[in-house]
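Results of the structural survey
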Amino acid sequence: MANWLKYVIAFVSAFALMLAFRTLAFSIHGVTGDGLAPLYKNGDRLLINRCSYGLRIEGNGLLPYSRLMRQPVERGDIVAFSLGGDSIEGLMIARCTAVPGDTIRTTNGLMTVPGLVNCAKTDHYWLEAVNKQNPIDSRHLGFIPERNIIGRVMTVLYNRNNSYLP
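The structure reproduced in this document is the subject of the present report. Owing to the predicted nature of the structure, the values given are computational and were not obtained by experimental measurement. (Residues numbered from 1 in each chain as written. Predicted model: local features only at pLDDT ≥ 70, side-chain atom pairs only at ≥ 80, totals over all residues. Heavy atoms only, no water.)

A few points about the nonpolar core
Core analysis: the largest hydrophobic core is formed by 13 residues, its most contacted members being Val73, Val79, Phe81, Cys96, Tyr125, Leu127 and Ile149. Looking at this core, the elements with two or more residues in it are strand E5 (78–81), strand E6 (92–98) and strand E9 (124–128). No other element matches the three residues that E6 contributes to this core. If we ignore the near neighbours within four places in the chain, the residues touching Leu127 are Val79, Phe81, Ala94, Arg95, Cys96, Asp137, Ser138, Ile144 and Ile149. Grouped together as the second largest cluster of nonpolar side chains are nine residues, Ile48, Ile78, Ala80 and Ile93 included. (Core = buried A, V, L, I, M, F, W, Y, C linked by side-chain atoms within 4.5 Å. Buried < 20%, exposed > 50% of the residue type's maximum accessible area, 1.4 Å probe, protein only. Helix = DSSP H or I, 4+ residues; strand = E, 2+ residues; numbered from the N terminus. Contact = heavy atoms within 4.5 Å.)

Written out as structure tokens, the structure reads:
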């Protein structure tokens, strides 16, 4: 085998492993806007743990949606979710404030647990933005199904505007 071919195979293998790791385990997403201020600011790059609630198997019509080694989303977790379809596009970040089995009541935008609206569906969660000013969250979208939750927000890697956060 040619000497250069060994390097090509090593490079392609490393690239494929990195892509698989990034797709299945972790991903980096940027925050646009101040819907999560003061916790996350415009320009922050967040590390999302895609395996925190189990390995997602999407299926895309060929297989049914499922999660291997499923772990429940816990109240207080800050999660990344998407809506898919033709509704709002992009990744959204919100805090889980009610889990399946909880009942909630909203009054003028404020939520209390327990309350009146039942969140008893086994795979639906009530997610609220950290900043209550004009958020896109469960107060506008209703309950978010588990299949739309991508993973748990781990940390801020850096801020694109400041280039580094201590």
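There is more to say after this.
Thoughts on the pattern of salt bridges
Evaluated as defined, the whole model comprises one salt bridge. With a closest N to O distance of 3.4 Å, Arg152 and Asp77 form a salt bridge. On the criterion of sequence distance, the pair formed by Arg152 in strand E11 (residues 149–159) and Asp77 in the loop between strand E4 (66–68) and E5 is long-range, its members being 75 residues apart. For Asp77, a relative accessible area of 13% puts it in the buried group. (Salt bridge = Lys/Arg side-chain N within 4 Å of Asp/Glu carboxyl O.)

Section: a nonpolar patch on the surface
A grouping of Trp4, Val8, Phe11, Val12, Phe15, Met18 and Leu19 is seen on the molecular surface, where their side chains present a nonpolar patch of about 740 Å² in accessible area. Along the chain, Trp4 falls in helix H1 (residues 3–24). Taking relative accessible area as the criterion, Trp4 reaches 58% and is therefore assigned exposed. (Patch = residues over 30% accessible without salt bridge, like charges linked within 9 Å, V, L, I, M, F, W, Y side chains within 5 Å. Areas by Shrake-Rupley, 256 points an atom, 1.4 Å probe, with all protein chains shown as cover.)

Comments concerning the pairing of E5
Note on strand geometry: in a regular strand, side chains alternate between the two faces of the sheet. By the alternation rule, side chains of E5 split into Ile78 and Ala80 and Val79 and Phe81, which are all buried. Bridge count between E5 and E11: three bridges; the pairing is antiparallel. Its bridge partner lying in E11, Val79 is registered against Arg152. (Pairing = 2+ DSSP bridges.)

Side note on the environment of Cys96
Relative to the helices and strands, Cys96 resides in strand E6. Note: C-alpha distance between Cys96 and Tyr125 (29 residues apart in sequence) is 6.9 Å. When residues no more than four places from it in sequence are discounted, the contact partners of Cys96 are Val73, Glu74, Arg75, Gly76, Asp77, Tyr125, Trp126 and Leu127.

Points about the sheet that holds strand E2 (residues 44–49)
The seven strands lie next to each other as E1-E2-E11-E5-E6-E9-E10, forming an open sheet whose pairing is antiparallel. Pairing within the sheet leaves two strands with one partner each, and these edge strands are strand E1 (26–30) and strand E10 (144–145).

Details of the packing of aromatic side chains
Across all of its chains, the model carries two aromatic pairs by this definition. On the basis of an interplanar angle of 20 degrees and a centroid distance of 6.5 Å, the ring pair of Phe11 and Phe15 is categorised as stacked. One end of the pair is Phe11 and the other is Phe15, both in helix H1 and four residues apart, which spans about a single turn. Look at Phe11 and you get exposed, because its relative accessible area is 59%. The exposure class of Phe15 is partly exposed, given its relative accessible area of 44%. Aromatic pair Trp126 and Phe143: ring centres 5.2 Å apart, planes at 70 degrees, arrangement edge-to-face. One end of the pair, Trp126, is in strand E9; the other, Phe143, is in the loop between helix H2 (138–141) and E10, and 17 residues separate them in sequence. Relative accessible area serves as the criterion here: at 24%, Phe143 is assigned to the partly exposed category. (Phe/Tyr/Trp six-rings, centres within 6.5 Å; stacked < 30°, edge-to-face > 60°.)

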